[in-house]
Amino acid sequence: MYCDNLMLRNCSYLQARDPSILSYNRPQLSEVKTNLADEFGETSKQQPQKDEARTINVYLRIKNGYNFEGLYEIEDNTLVSKIPQGSNFLRNAKDGDSMIRKYSFTKIFSQETDQREIFNYIVKPKILDFINGQNSTLMTYGASGSVIGTDRDPGIVPRSLEYLFRTLPQLSRKPIAKPSPTGDDVTLLNEAACKCEKQLCRSLLNASSSSLDRTHHIKIYQTMQQRLSTEPVAELEVDENVAIGVWVSFAEIYNEHVYDLLQLDPPRGQQRPKLRLGMAKGHAYIKGLTHVSVTSGEEAYQILQYGIHNLNYAPTQVNSHSSRSHSIFTIKLVQVSKSDGGSYVSCFNFCDLAGSERSKKTHNIGDRLKESNNINSSLLVLGRCISAVRNMQKQNDNKLVPFRESKLTQLFQRALNGTEDISMIVNISASRDMFDETQHVLNFAAIARDIIIEQKPEPIFKKKNRFSQLVEQSLDDTFSAHSREDLKNTIRHLTDELETQKSEYETEYQAHIQMIREKYEQALDDLEENAKIRIKKAESAVRMMYERKLEAMKTKYEKLIEEIEIQNDAAQQLEERQIDVIEIPSSDDEDEECWKTEKESYIKEIEELKSTLAEGIDDYKELHEKYVLLEKENARLRGRCLELENEIELGFQPTQKIFCESESDD
């Protein structure tokens, strides 16, 4: 679906400037000064005078609706906080500690400040730099109403979208190139891939919860457009050989898991898949995050609203519509040159941080308490990282910064290190009830204010003298158009040869995999057949052994029963004879004595037979008990045989699992 990657440039093709005289990024006279003597030398270095180290811009906006007299005072760009009685900060205060704290900001916006002033002062210069190729991140912390705003007073995101698309020329409906997930690479799209990207955009635009929602969002943005139509935009020097594309993505970090807010709704009963972070060239990115190509501010706004619909919100005692996650809305500007085959990607991140919460005030339990703990933990790690970077820059040490303890800090590691532009808008409430929470926010902002942003050194170039010009002219003559065409043909030939070798390697690899698969399957079949044969032999041997035992016991029991029956018959005959003897009268003393002796012997014999019969009955009972035990043992052995069969069958599964895993890795 995709073509080869393009060569990535180190500078933007676009050059935009703000035509307004009151532009905040207008050049100063000190920057215009230059040493004309260097113009006549062999070399010159574009080295501006060293200014003071530039730190992270942290802006404070005070939420409207509360009277903060007695709690706060504003002195230029410093907020003076007066700790009131009953505050938790007094519990840890020591004797002699000041009850007044001062916090310095880049600029403090009063309660009367509107969205237009905030955008023009903070965001507008950053969007201009973003068009000119600079990466930037804007974090908002506190009340997030300034991010989206309303149709009457649009927030910073709709204003940024409108400013961006009104500055750029009309974009093509067919995206030419797509940025990589890391933002460090660009991939050309063929016709099939282009159709897939357009279909994805249409699916998201039509996937609103109802057609009324989509109509409502379109109507709101059109109202915003009408209100912003009179706002000036930047002037852009357009190069017809440069193709431009805008891509947006939207992610959230919820309970320390990353989710894609632009993924189409999963089937009922299933949750959105969790995304993982990857690393490329020391930069963290979100694997599998959806990037959508948009051609207008209206499309981008509808995509944004689709993602907001999937955000995790829940009511608490403090806020009826409390955000339970950190959200990251990213805009990527892709530039592709048709003349030299180069490309450039710039990235702008809007990161809305979820506010920290105290469980005593929110009364959160269950899932809400778990969410609050994860939010507070993530913000704590962010504060620790900012503090560690500040101490590292001030003390010039190389202590480890705990970026990897949180998904948020991993994603913005370069910006928090001071290697990319980053700013923060802190929104606080002037309410007396929220004083302690506001102090935590102010402490957090004060630490971030001290981080120094490293300035990229300007490139050193060498001025061309007559000899250099003659050498370049001779080189240009040597590498004529014909030579360039030969080089292109050679590159195409090598590329085709590489593809052929790649195809042959894949064919051989698949054949090798198939051979290994067949061998494993044959080995598994042999093992299974041998196991079945062994099981059958074991069953047959056990069955024959117990059948022999049972036959022997049966024969023995039958003989005993016959002997007992014979003895019972003999005993019965003796009893009958005894009765007859007793009834016959005796006429002679000798005969009587003889009969007595014979009677005693018969009685003794009867007693012996009775004793033998009792012993036989006991033996019979004992043998019967043994027979029952043997039957139970037989049943147990049969069960064990079944267990062995199951274990043998389960024994093949790890091998099959390993084989499947090796196949998936391939």
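Just so it is clear, the model here is predicted, and its values are computed rather than measured. (Residues numbered from 1 in each chain as written. Predicted model: local features only at pLDDT ≥ 70, side-chain atom pairs only at ≥ 80, totals over all residues. Heavy atoms only, no water.)

Colleague: Honestly, the overall build of the chain in this entry has me stumped. Any pointers?
Modeller: If you tally the helices and strands in the chain, you get 15 helices and 24 strands. Looking at the chain as a whole, 38% of its 666 residues are labelled buried. A separation threshold of at least 6 residues defines the contact pool for the chain, and within that pool the share at least 24 residues apart is 76%. Within the structure as shown, the chain displays about 41100 Å² of accessible surface, and the carbon and sulfur contribution to it stands at 50%. (Helix = DSSP H or I, 4+ residues; strand = E, 2+ residues; numbered from the N terminus. Buried < 20%, exposed > 50% of the residue type's maximum accessible area, 1.4 Å probe, protein only. Contact = heavy atoms within 4.5 Å. Areas by Shrake-Rupley, 256 points an atom, 1.4 Å probe, with all protein chains shown as cover.)

Colleague: How do you make sense of the sheet that holds strand β6 (residues 72–75) when you look at a structure like this?
Modeller: Strands pair in a sheet through their backbones, by hydrogen bonds, and they do so in one of two ways: parallel or antiparallel. Spatially, the three strands line up as an open sheet ordered β6-β7-β8, and their pairing is antiparallel. Here the strands that pair on one side only, and so sit at the sheet edges, are β6 and β8 (100–104). Taking each pair of neighbouring strands and ignoring which way they run, the sheet shows an average axis angle of 20 degrees. Two elements, β6 and strand β7 (residues 78–82), share four bridges in a ladder whose sense is antiparallel. When the bridges of β7 are listed, Ile74 appears paired with Leu79. (Pairing = 2+ DSSP bridges. Axes fitted to C-alpha atoms, helices over the stretch in contact; angles between N-to-C directions.)

Colleague: Looking at this model, I keep getting lost on the environment of Tyr344. Mind explaining?
Modeller: Here Tyr344 lies in strand β22 (residues 342–353). Between the C-alpha atom of Tyr344 and that of Ile244, which follows or precedes it by 100 residues, the distance is 9.8 Å. Among the polar contacts made by the side chain of Tyr344, one reaches the main-chain carbonyl oxygen of Gly133 at a distance of 2.5 Å. (Polar contact = N/O pair within 3.5 Å; in protein donor to acceptor, adjacent residues only side chain to side chain.)

Colleague: I'm lost on the packing of aromatic side chains in this one. Help?
Modeller: A ring pair, where both rings are aromatic, is described by two values, the distance of the centres and the angle of the planes. Taken as a whole and assessed by the stated rule, the structure comprises ten aromatic pairs. On the numbers, 6.3 Å between centres and 40 degrees between planes, the contact of Tyr59 with Phe109 is tilted. Of this pair, Tyr59 sits in strand β5 (residues 57–62) while Phe109 sits in strand β9 (residues 107–109), and the two are 50 residues apart along the sequence. By the burial criterion, Tyr59 is buried, and Phe109 matches it. Centre to centre, the rings of Tyr254 and Tyr259 are 6.5 Å apart; their planes meet at 55 degrees, and the pair counts as tilted. An identical accessibility class is assigned to Tyr254 and Tyr259; each is buried. Site record: aromatic cluster; members linked through ring pairs are Tyr59, Phe109 and Tyr121. Seen from the ring of Phe109, Lys107 lies directly overhead, with NZ or CZ sitting 5.7 Å from the centre. If you follow Lys107 out to its NZ or CZ, it ends over the ring of Tyr121, 5.2 Å from the centre. (Phe/Tyr/Trp six-rings, centres within 6.5 Å; stacked < 30°, edge-to-face > 60°. Lys NZ or Arg CZ within 6 Å of the ring centre and 35° of its normal.)

Colleague: For this particular structure, what's the right way to read the environment of Arg638?
Modeller: With respect to the secondary-structure elements, Arg638 resides in helix α15 (residues 589–665). Owing to a relative accessible area of 45%, Arg638 belongs among the partly exposed residues under this scheme. Considering only alpha carbons, one finds Arg638 and Glu539, 99 residues apart in sequence, at a separation of 7.9 Å.

Colleague: Honestly, the packing of helix α2 (residues 115–131) against helix α4 (residues 156–167) in this entry has me stumped. Any pointers?
Modeller: Between two packed helices, what matters for the description is the angle formed by their axes and the separation of those axes. Contact geometry of α2 with α4 gives a least axis separation of 10 Å together with a crossing angle of 45 degrees. By the angle between their axes, α2 is oblique relative to α4. The handedness of the crossing between α2 and α4 comes out as right-handed. Seen from α2, the contacting residues are Gln115, Arg116, Ile118, Phe119, Val123, Lys124, Ile127, Leu128, Phe130 and Ile131; seen from α4, they are Ile156, Arg159, Ser160, Tyr163, Leu164 and Thr167. Here the residues of the contact of α2 with α4 are counted per class, giving ten nonpolar, three polar and three charged. (Parallel < 35°, antiparallel > 145°, perpendicular 65-115°, else oblique. Left-handed = near helix turned anticlockwise from the far one by under 90°. Nonpolar A, V, L, I, M, F, W, Y, C, P; charged D, E, K, R; others polar.)

Colleague: What should I look at first to understand unusual backbone geometry in this one?
Modeller: Comment: phi is negative for the bulk of residues other than glycine, and the bulk of peptide bonds are trans. For Asp76, which is not glycine, the phi torsion reads 55 degrees and is therefore positive. Within the fold, Asp76 resides in the loop between β6 and β7. Owing to a relative accessible area of 73%, Asp76 belongs among the exposed residues under this scheme. Of note, Glu256 is a non-glycine position whose phi angle comes to about 65 degrees, a positive value. With respect to the element layout, Glu256 can be found in the loop between β14 (242–254) and β15 (257–260).

Colleague: Is there a simple way to explain the nonpolar core in this structure?
Modeller: Soluble globular proteins tend to pack their nonpolar side chains together in the buried interior. Formed by 55 residues in total, the largest nonpolar core has its most connected members in Leu164, Leu168, Val246 and Ile331. Element by element, the count of residues in this core is highest for α2, at eight residues. Setting aside residues no more than four positions away along its own chain, Leu164 makes contact with Ile127, Phe130, Ile131, Val246 and Ile331. Grouped together as the second largest cluster of nonpolar side chains are 47 residues, Leu79, Tyr141, Leu275 and Cys385 included. (Core = buried A, V, L, I, M, F, W, Y, C linked by side-chain atoms within 4.5 Å.)

Colleague: Any chance you could explain α2 here in plain terms?
Modeller: Side chains three or four residues apart in an α-helix point the same way, a direct result of the helix having 3.6 residues per turn. Its axis deflected by about 45 degrees at Val123, α2 carries its strongest bend there, up to four residues before the proline Pro125. Most of α2 is tucked away: 13 of the 17 residues are buried. Positioned one or two residues after α2, Gly133 has a phi angle of 105 degrees, which is positive. (Bend = angle between axes of the 7 residues up to and from the residue.)

Colleague: Before we go on, may I ask you to explain the side chain of Gln111 in this structure?
Modeller: Within the secondary structure, Gln111 is located in the loop between β9 and α2. Within the local environment of Gln111, its side chain forms a polar contact with the backbone oxygen of Lys63, the two atoms lying 3.0 Å apart.

Colleague: Explain the confidence of the model for the chain to me, please; I cannot follow it from the model alone.
Modeller: Caution applies to low-pLDDT parts of the model: their predicted coordinates are not meant to be read in detail. Averaged over every residue, the pLDDT of the chain is 76; residues scoring 70 or more account for 73%. Across residues 36–52, confidence stays below pLDDT 50; counting only partners more than four residues off in sequence or on other chains, it has 18 contacts. Between residues 314–322, whose pLDDT stays under 50, and residues either more than four places distant or in other chains, the model counts 23 contacts. (pLDDT = per-residue confidence, 0-100.)

Colleague: Can you help me understand the pattern of salt bridges in this one?
Modeller: Side chains that differ in sign of charge can pair as their charged atoms come close. Within the structure shown, the criterion is met by 13 salt bridges. Residue Asp421 is joined to Lys126 by a salt bridge in which the shortest nitrogen-to-oxygen separation is 2.7 Å. Here Asp421 is found in strand β23 (residues 421–428), whereas its partner Lys126 is found in helix α2, with 295 residues between them in sequence. By relative accessible area, which is 8% here, Asp421 ends up buried. As a salt-bridge pair, Lys532 and Glu528 come within 3.7 Å of each other at their nearest N and O atoms. Linking Lys532 with Glu528, this pair stays in helix α14 (residues 481–583), spanning four residues, or about one helical turn. (Salt bridge = Lys/Arg side-chain N within 4 Å of Asp/Glu carboxyl O.)

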